[in-house]
Amino acid sequence: MPNAADHYTVIGNPIAHSRSPWLHAKFAAQTQQAMRYDRSLLEIGNFASGLAQLRANGLQGCNVTVPFKIDAFALAQWHSPAASLAQACNTLWWDAGVLKADNTDGVGLVRDITHNAGFKLQGKRILVIGAGGAGAGILGPLIDAGCAHILLTNRTPIKATEVANRHATLALACGCELSACGLDDLNGLGQQAFDVVINASAASLGGQHIHLSDALLAPHSLAIDLMYGQSSRVFLDWAAERCSQTRDGLGMLVEQAAQSFAIWRGSLPHTDNVLRELRAIVDAPTP
Ligand code: ATR
């Protein structure tokens, strides 16, 4: 039987906005598990000591968000294949005293695209914009999902090349043609349109528009921003004028949380109603 003292948290800076406690309370109620899930604000540079303090107070596992995903990866003693490829993690837990790390962001995104949006990824051409932690975290699961071609583009080209090189073996094994280029080179490549264009860059956070060619999207394409709420609008409003399907990162948020919950608690919660409920909350007009 689960113990009422089982304690989890989400660590970030800032963290007050996080929906994770709400999500995990829903999952715990649905699966009848007794657990506590908080928010923990740690000072930048203090991840290791902050985590040690939380552990001393009985923490069993946590989600990790901006800007600590790379610190968490560095601290972990065991990494899942997804975390190793991303070199960043969003899920930590202790197993027989060993600190383990996984990255559920990419599996969450793929589940949102295929299950929630009903969009098949097999054989598709994908453009991923951004080779930071977010872009690196989704690449492996997109390759695993059977995409035929993935182009990773980044403002700083060398980062896209490095992340793509790290995924080359997996791409070869899965029959996925994986390539990388700088954002400035993208529009000059004379690309045919992509089936899916994913904005995994942090440009949206600052409300910045990335200059992209209209030719990247066709009417049938799906455009996704990994952010949700106002931050996702700059890219998605641009995309909505060029393609018929747009999607923000709310579904991915719910799905990555469900995958973390399954790692810790051994059962994968249903997400459909939870996503519907969260969508209504997020989209409700602010008074
Ligand atoms: P995250 O974990 O959210 O991915 P990150 O690791 O800091 O955060 O990466 C931010 C990503 O957004 C990077 O790919 C960054 O490009 P650079 O590698 O060139 O810095 C990208 N990014 C941020 N602001 C951008 C902008 N205005 N235009 C294009 N890309 C931007």
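That block above? That's the structure.
What this report covers is the structure whose coordinates are included nearby. Remember, it's a predicted structure, so these values are computed and weren't measured experimentally.

### Focus on the site of the ligand
For step 1, the next point in the chain: Among the 14 residues in the neighbourhood of the ligand, the closest are listed as Asn-154, Arg-155, Thr-156, Lys-159 and Ala-202.
For step 2, the next point in the chain: Residue Gly-132 places a main-chain N or O atom 3.4 Å away from an oxygen atom belonging to the ligand.
For step 3, the next point in the chain: Contact between the ligand and Thr-156: an oxygen atom at 2.5 Å from a side-chain N or O atom of the residue.
For step 4, the next point in the chain: In isolation the ligand offers 650 Å² of accessible surface; the protein chains occlude 73% of this area.
For step 5, the next point in the chain: When grouped by side-chain class, the residues that make up the shell around the ligand number five nonpolar, seven polar and two charged.

### Quick notes on the sheet that holds strand β7 (residues 125–129)
For step 1, the next point in the chain: Here we have six strands laid out as an open sheet, ordered β9-β8-β7-β10-β11-β12, and parallel in their pairing. Of all strands in the sheet, those with a lone pairing partner are β9 (177–182) and β12 (245–247), marking the two edges. Averaged over neighbouring strand pairs, the angle between their axes works out to 15 degrees when direction is ignored.
For step 2, the next point in the chain: Of the strand pairs in this sheet, strand β10 (residues 194–199) and strand β11 (residues 217–225) are connected by five bridges, and their pairing is parallel. Bridging across to β11, Phe-194 finds its partner in Leu-217.
For step 3, the next point in the chain: In the packing of helix α6 (residues 133–144) onto the sheet, contacts are made with β7, β8 (149–154), β9 and β10, and the angle to β7 comes to roughly 170 degrees.

### With respect to the sheet that holds strand β5 (residues 91–95)
For step 1, the next point in the chain: In space, the six strands of this open sheet follow the order β2-β1-β3-β5-β6-β4, with mixed pairing throughout. Single-partner strands in this sheet number two, and they are β2 (36–41) and β4 (78–79).
For step 2, the next point in the chain: Of the strand pairs in this sheet, strand β1 (residues 7–12) and strand β3 (residues 59–64) are connected by five bridges, and their pairing is parallel. Bridging from a neighbouring strand, Ile-11 pairs with Val-64 of β3.
For step 3, the next point in the chain: Sheet strands in contact with helix α1 (residues 20–30) are β1, β2 and β3, and its direction is about 170 degrees off that of β2.

### Let's talk about the packing of helix α11 (residues 250–265) against helix α12 (residues 272–283)
The description of two packed helices rests on the angle between their axes and on the distance between the axes.
For step 1, the next point in the chain: Direction vectors running N to C along α11 and α12 enclose 135 degrees, while the axes themselves pass 10 Å from each other. If you check the angle between α11 and α12, you find them oblique. α12 is crossed by α11, and the crossing has right-handed handedness. On α12, the residues touching Leu-250, Gly-251, Leu-253 and Val-254 of α11 are Val-274, Leu-275, Leu-278, Arg-279 and Val-282.
For step 2, the next point in the chain: Split into classes, the residues belonging to the contact of α11 with α12 amount to seven nonpolar, one polar and one charged.

### Let's talk about α12
Helical geometry note: an α-helix holds 3.6 residues per turn, so side chains three or four residues apart project in the same direction.
For step 1, the next point in the chain: Taking 1.5 Å per residue as the helical rise, α12 with its 12 residues ought to reach 16 Å, and the 16 Å between its terminal C-alpha atoms agrees with that figure.
For step 2, the next point in the chain: Those residues of α12 lying buried are Val-274, Leu-275, Leu-278 and Val-282. Projection of α12 onto a plane perpendicular to its axis shows the buried side chains occupying an angular sector of 95 degrees, all on one side. In α12, the exposed residues that point more than 90 degrees away from the buried face are Asn-273 and Arg-276.
For step 3, the next point in the chain: For α12, the elements touching its buried residues are α1, α5 (105–116), β12 and α11.

### Focus on the environment of Leu-189
For step 1, the next point in the chain: Assignment of secondary structure puts Leu-189 in the loop between α9 (183–186) and β10.
For step 2, the next point in the chain: For Leu-189, a relative accessible area of 45% gives the class partly exposed.
For step 3, the next point in the chain: In sequence terms Leu-189 and Asp-71 are 118 residues apart; their C-alpha atoms lie 36 Å from each other.

Cut-offs and rules
- Residues numbered from 1 in each chain as written.
- Predicted model: local features only at pLDDT ≥ 70, side-chain atom pairs only at ≥ 80, totals over all residues.
- Heavy atoms only, no water.
- Near = heavy atom within 4 Å.
- Polar contact = N/O pair within 3.5 Å; in protein donor to acceptor, adjacent residues only side chain to side chain.
- Areas by Shrake-Rupley, 256 points an atom, 1.4 Å probe, with all protein chains shown as cover.
- Nonpolar A, V, L, I, M, F, W, Y, C, P; charged D, E, K, R; others polar.
- Pairing = 2+ DSSP bridges.
- Helix = DSSP H or I, 4+ residues; strand = E, 2+ residues; numbered from the N terminus.
- Axes fitted to C-alpha atoms, helices over the stretch in contact; angles between N-to-C directions.
- Contact = heavy atoms within 4.5 Å.
- Parallel < 35°, antiparallel > 145°, perpendicular 65-115°, else oblique.
- Left-handed = near helix turned anticlockwise from the far one by under 90°.
- Expected span 1.5 Å × (residues − 1).
- Buried < 20%, exposed > 50% of the residue type's maximum accessible area, 1.4 Å probe, protein only.
- Arc of directions from axis to C-beta.

By themselves, these observations are geometric and do not establish any function.
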